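Chain residues, written in single-letter form:
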Amino acid sequence: MGGDGTVSRIATASDTVTATIALGDNYYPYSVAISPDGTFAYVSNTNRDSVSRIDLSSNTVVGAIDVGDFPMGVGFNSDGSKAYVANANSGTVSEIDTATDAVVRTITMPGRDVRALAVTPDRVLTAEYTTDDLYAVDSTSSQIFESTLGVGAYGPNSISLPSDGSFAYVVNRTGYVSRLEAPTTPTVTSAVGGDKAITVSFDPADGKGLDVSYQYSLDSGSTWNSPDPAVTGSPMTIPGLNPGTTYAVKMRAVTAFANGPASSAVSATTDPAPDPTPTPTPTPTPTPTPEPVTKKVQKAADGKGQPPARIKVRGVTVVTGRNALTNAGQSIRTQVVASLPDATAQGEVRYVKVIRGPQGLVKVRTYGRPDLKIVVRQHAPATSEYKAFSTRSVYVGGVRR
């Protein structure tokens, strides 16, 4: 494959080229994937924004499929009914119905420049070449996962895995190879019923280096539910249940690479519904004349809610800590806006990234632009006793102005 627009077929027994298949002038093929039954192959053509289908019985091109901008990685699901293509310049993955050679879905990834692609029993895996981020789409629920690959990983450009998908290796342009494995099983320690809810406590699973969240099942694992917002540690509260009902709860850990094994089931019963009480007839009372109220000033209760003195030019900076509160007990909300002089939207995305975690945690990842301007706004609504809380902090070159 290469600039001449051809694909070479090699006999592995003799390491000799047995056929040279012409795709077209200036096609620049990048990646080839062979269907599980070995009857045909898909080849991504970076300079034509297309995928060529090759009949392997005749070594001829029998069709082409238009996909996204600059297609690179290609892979099939286990039965060969679907194929997936990573479109680097679009930041998307194209899903192809191999029976019709038609794109049936275009999945937008959280970042751009997705090049590597692999398909496991649970996931369609991609990775962003300009960062250390691994992205994945759950093949059943279409939920999108995102996780960093860890220290030493940068510029992932290839993902390889065995046929059973039990683990994978990610090759990074730094020369570092990341190993991906499924998370272990969380151990449920207790389940307590409450008002239309059950609270489950558990010992965490090992995510094998990837970010972990947790799902639960109430039907012996036939269906799995992801809490919103995501649960990343014990305990997990399951709301919206029927009163006075016993449930058997299972849990599992999930990462961007795979769903972990299910835990043993644990039973808990929600509180019974309260007896209805008659509504008393209200006694009219005169409306008092309200007195003027002087509201107090609302401010951050501690350092978790105060903006940092500096933001790193390259690296990760915590802007607002977890569970940041005001002195009125209100959660602090944070908005981050970044800009570069005369930069395009694509350029801004490449040099700054806002990372939101659980309990209001907000971080900023920067990639080395000293002229980057970052504006941090924090706010909390007014209460009956306190004024609304609002701050604005401007950073240029990482320094607070």
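Below is a summary of the structure that appears in this document. (Residues numbered from 1 in each chain as written. Predicted model: local features only at pLDDT ≥ 70, side-chain atom pairs only at ≥ 80, totals over all residues. Heavy atoms only, no water.)

**Some details on the overall build of the protein**
Here is step 1: The number of helices and strands found in the protein is one helix and 30 strands.
Here is step 2: Computed over the C-alpha atoms, the radius of gyration of the protein is 27 Å, more than 25% above the 21 Å expected from 2.2 N^0.38 for a compact globule of 401 residues.
Here is step 3: Across its three principal directions, the C-alpha atoms of the protein cover 95 × 55 × 35 Å.
Here is step 4: The contacts in the protein between residues at least 6 apart in sequence include a share of 49% that link residues at least 24 apart.
Here is step 5: Accessible surface, the protein as shown: approximately 20,600 Å² in total, 50% of it carbon and sulfur.
Here is step 6: Across the protein, the mean location of the 35 positive side-chain charges is 12 Å away from that of the 35 negative side-chain charges. (Helix = DSSP H or I, 4+ residues; strand = E, 2+ residues; numbered from the N terminus. Rg over C-alpha atoms; globule rule 2.2 N^0.38 Å. Contact = heavy atoms within 4.5 Å. Areas by Shrake-Rupley, 256 points an atom, 1.4 Å probe, with all protein chains shown as cover. Lys, Arg positive; Asp, Glu negative; His and termini not counted. Charge placed at Lys NZ, Arg CZ, Asp CG, Glu CD.)

**Overview of a nonpolar patch on the surface**
Here is step 1: A cluster of nonpolar side chains, Tyr169, Val171 and Val177, forms an exposed patch at the surface whose accessible area comes to about 240 Å².
Here is step 2: Structurally, Val171 is set in strand β16 (residues 167-172).
Here is step 3: What makes Val171 partly exposed here is its relative accessible area of 36%. (Patch = residues over 30% accessible without salt bridge, like charges linked within 9 Å, V, L, I, M, F, W, Y side chains within 5 Å. Salt bridge = Lys/Arg side-chain N within 4 Å of Asp/Glu carboxyl O. Buried < 20%, exposed > 50% of the residue type's maximum accessible area, 1.4 Å probe, protein only.)

**Section: the layout of surface pockets**
Here is step 1: Space inside the largest pocket adds up to approximately 1,200 Å³.
Here is step 2: What lines the largest pocket is a set of 42 residues, and nearest its centre among them are Glu146, Asp211, Ile355, Arg356 and Gly357.
Here is step 3: Listed by contribution, the elements that provide at least two residues to the lining of the largest pocket are β13 (133-138), β14 (144-148), β20 (213-217), α1 (345-351), β26 (352-356) and β27 (362-367).
Here is step 4: Split into classes, the residues belonging to the lining of the largest pocket amount to 19 nonpolar, twelve polar and eleven charged.
Here is step 5: In this model, the second largest pocket occupies a volume close to 440 Å³.
Here is step 6: Lining the second largest pocket we find 23 residues, and of these Phe76, Asn77, Ser78, Val119 and Thr120 sit closest to its centre.
Here is step 7: Taken together, the elements giving at least two residues each to the lining of the second largest pocket come down to β7 (71-76), β8 (82-87), β11 (114-119) and β15 (156-160). (1 Å grid on protein atoms, 1.4 Å probe; cavity = no way out; pocket = protein on both sides within 12 Å on 5 of 7 lines; lining within 4 Å. Points joined across faces, edges and corners; volume = space filled by probe spheres on them. Nonpolar A, V, L, I, M, F, W, Y, C, P; charged D, E, K, R; others polar.)

**What to know about the sheet that holds strand β22 (residues 246-254)**
Paired through backbone hydrogen bonds, the strands of a sheet run either parallel or antiparallel to each other.
Here is step 1: The three strands are arranged β20-β22-β23 in an open sheet whose pairing can be described as antiparallel. In the strand order of this sheet, the two ends are held by β20 and β23 (266-269), each with one partner. Sheet twist, expressed as the mean angle between neighbouring strand axes with direction ignored, is 40°.
Here is step 2: Taken together, the five bridges between β20 and β22 define a ladder with antiparallel strand orientation. When the sheet's bridge partners are listed, Tyr214 is paired in β22 with Ala253. (Pairing = 2+ DSSP bridges. Axes fitted to C-alpha atoms, helices over the stretch in contact; angles between N-to-C directions.)

**Topic: the sheet that holds β15**
Here is step 1: One open sheet accounts for three strands, arranged β15-β16-β17; its pairing is antiparallel. Where the open sheet ends on each side, the last strands, each with one partner, are β15 and β17 (177-181). Across the sheet, the axes of successive neighbouring strands diverge by a mean angle of 25°, strand direction being ignored.
Here is step 2: Across five bridges, the pairing between β16 and β17 is antiparallel. Paired with Tyr169 across the bridge in β17 is Arg179.

Spatial relationships are all this shows, so hold off on functional conclusions.
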